[in-house]
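# Inside the fold
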Amino acid sequence: MEEPNEEPAKKGNKISRRKLLGGALAAAIVPVTASFAKYVQTGVEVSVDPTKVQGVPPGTVGKRSPFENPLRKPSDISSRTPLQDFFSTITPSDLHFERHHAGIPNIDSEKYELLIHGMVKRPMKFTLADLKLFPSFTRTCFIECAGNFRTGKEEMTPQEILGLTSQSEWTGVMLSTLLREVGVDPKAKWFLAEGGDAALLTRSIPIEKGWDDAMIVYGQNGEAIRPAQGYPARLLLPGWEGNTNVKWIRRIEISDEPYMTREETSKYTYPVNGKIRMFSFEMDARSIITYPSFPQKVERGWIEIRGIAWSGRGKIVKVEVSTDAGKSWNVAKLQEPVLEKAHTYFRFLWQWTGGETEILSRAVDETGYIQPSLKQLIEARGADLGGYHMNPVTAWRIKRDGSVLFKPEKYK
Amino acid sequence: MQGKLRIKAVYVVVLIGALLAIFLIFRLWTGNVKEPASFGFGKTATASEIAAVDFDIRPDGKGLPAGSGTADTGRLIYIAKCASCHGENGKEVKGIKLPGPPLVTGTAKSKAKTIGNYWPYATTLFDYLKRTMPYNAPGSLTDNEVYSLTAYLLSANKVIKENAIINAQSLPNVVMPAKKLFVIDDRKGGNEVK
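Just so we're clear, the structure is a prediction, and the values are computed from it rather than from any experiment.

Looking only at helices and strands, chain A has eight helices and 24 strands in total. Of the contacts made within chain A by residues no fewer than 6 positions apart, 71% connect residues no fewer than 24 positions apart.

Here it is in structure tokens:
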């Protein structure tokens, strides 16, 4: 996760999606001009009429259309996923957000081992091949950085505001299966998870999560997990803050106490009414409208408002959309199937008559939790909010000329 | 009479057989095979294999190795191996963004989160320094160097006396100023904003 006090993201990409598509169409007829070369991959062969020439033959690895160029937005410590470029909830693996504490390690899967020891009958080590022998399980869920919220100016894209959340279909072994294999002492209360990167990142996790839905995953969207997401294996704690989903996991130590590691004490903690809240695991429900959003432009008439909602505590049961700056709320359609602890796509059809307004979304999860406003968060936690576990309702301003701007709300 | 009994017996046997067949088909159909207590995959880890990677430290001191250090020695190590990222004295310098975060509590005006005003446990320092520092050569510090750096950083933050000796016995007894501020998360979902 990023340092909460990091500067708001730099100026957004000013070219609109519509312009970009228009440009791509123009590029199909005329050679790519210098101004578009920045946005459309160079070296694209522009055919006069694709029905009059033979196309490219089959190949070993596919690639995106040269007219599509979704990109993460990297900083020194993280990269943000382009939420505005997705039509549904699975994040393409190469666009999954990144947050590393010491870069991406280069781990030889042949040498990889996961050690489980501590309060167990039999300390054991498992190679990647061993892990794959156990009964496997597949589930789709999000992973979100606990510091996933940026604000501060109007020219911000969904990627810049909330680009530290991504969703994959993960495959691996249930951690409970491995805990049974080593014979965990019934007196155990916690386990320490340690990554095999240069940060040797460690987090203490309540053992109940290990017995519940924790997994050691080696598959992401059907193939081997990407190095940036923890190759060859990572801990997956569905619904819990990203940092606890320890990547490149090499060791699990079963314990009766938490270890109070740096990541769970001086980081990933936040001020609440003069105190500092720690072990804040679940990601509370939230949502964001990804269309329309900055820097897109809309025209009068029918607009399908689209976005994603998710909760670390279970299923999303309702998403409400307001098109009048929060005065009234309408129930959006949820794309089935709605999965637990997963990005859920929502849509709301709206007829824009051309007046200036604000559009907002708010998520409700199956525990009855309603995504709060920034004001509600300040009332609950105090004015000194920090940067972790911030999930306020966010708004887009629709201007008369159809331009869409983020509504930044100051809180520090 | 006997014929009737024989028919009854055959009937019962057929019925039991049919029920058994249905049960087995149902089990196969649902794939509901009970997992064994152990699959037998993986190998037992030896004590030396565990010792090679198990150097985490708990707040009660469990895991702290032999050795010791003092702030004086630690200051020299700090200048040689840490100051290039964290600054000459580890304090926040207004207007200058160093590669590493500030470590030492500065003036009252500084809002920087430091070891002195934000870290709840002193043992975390030893654990973190040993596993990750220095940034350009993680894991290269000896246990005595880590003890000395820990002593220096605690002393610079005025948590311990300048001449205090930090070792496996004294470190868990250091009470950090921020410890009293930490509370466990009490959010539970439901219709409540916390």
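Turning to the sheet that holds strand β24 (residues 404-406) of chain A, a few remarks are in order. All names here are of chain A. Strand order in this open sheet of five strands is β19-β18-β22-β23-β24, and the pairing throughout is antiparallel. Two strands close off the open sheet at either side, each with one partner strand: β19 (330-331) and β24. The sheet contact formed by strand β18 (residues 316-322) and β19 spans two bridges and is antiparallel. Bridging from a neighbouring strand, Val321 pairs with Asn330 of β19.

We now examine a nonpolar patch on the surface. Residues Tyr11, Val12, Leu15, Ile16, Leu19 and Ile22 of chain B make up a contiguous nonpolar surface patch of about 640 Å² in total accessible area. Tracing the sequence through the fold places Leu19 of chain B in helix α1 (residues 2-30).

Residues and elements named next belong to chain B. Viewed as axis vectors pointing N to C, helix α3 (residues 71-81) and helix α7 (residues 143-156) meet at an angle of 95 degrees, and their least axial separation amounts to 7 Å. Taken together, α3 and α7 sit at an angle that is classed as roughly perpendicular. Taken together, the residues of α7 that come into contact with α3 (itself represented by Ala71, Thr73, Gly74, Arg75, Ile77, Tyr78 and Lys81) are Glu145, Ser148, Leu149, Ala151, Tyr152, Leu153 and Ser155. Grouping the amino acids of the contact of α3 with α7 by side-chain chemistry returns seven nonpolar, four polar and three charged.

Residue and element names in this part refer to chain B. An ideal rise of 1.5 Å per residue puts 20 Å on 14 residues; α7 measures up with 20 Å between its terminal C-alpha atoms. Where burial is concerned, most of α7 is hidden: 11 out of the 14 residues are buried. Every buried residue belonging to α7 is among Glu145, Val146, Tyr147, Ser148, Leu149, Thr150, Ala151, Tyr152, Leu153, Leu154 and Ser155, and all of these are buried. Contact partners of the buried residues in α7: β2 (68-70), α3, α5 (115-118), α6 (123-132) and β3 (165-167). Count one or two residues on from α7 and you reach Lys158, which has phi positive near 60 degrees.

Conventions used here
- Residues numbered from 1 in each chain as written.
- Chains lettered and ligands numbered in written order.
- Predicted model: local features only at pLDDT ≥ 70, side-chain atom pairs only at ≥ 80, totals over all residues.
- Heavy atoms only, no water.
- Helix = DSSP H or I, 4+ residues; strand = E, 2+ residues; numbered from the N terminus.
- Contact = heavy atoms within 4.5 Å.
- Pairing = 2+ DSSP bridges.
- Patch = residues over 30% accessible without salt bridge, like charges linked within 9 Å, V, L, I, M, F, W, Y side chains within 5 Å.
- Areas by Shrake-Rupley, 256 points an atom, 1.4 Å probe, with all protein chains shown as cover.
- Salt bridge = Lys/Arg side-chain N within 4 Å of Asp/Glu carboxyl O.
- Axes fitted to C-alpha atoms, helices over the stretch in contact; angles between N-to-C directions.
- Parallel < 35°, antiparallel > 145°, perpendicular 65-115°, else oblique.
- Nonpolar A, V, L, I, M, F, W, Y, C, P; charged D, E, K, R; others polar.
- Expected span 1.5 Å × (residues − 1).
- Buried < 20%, exposed > 50% of the residue type's maximum accessible area, 1.4 Å probe, protein only.

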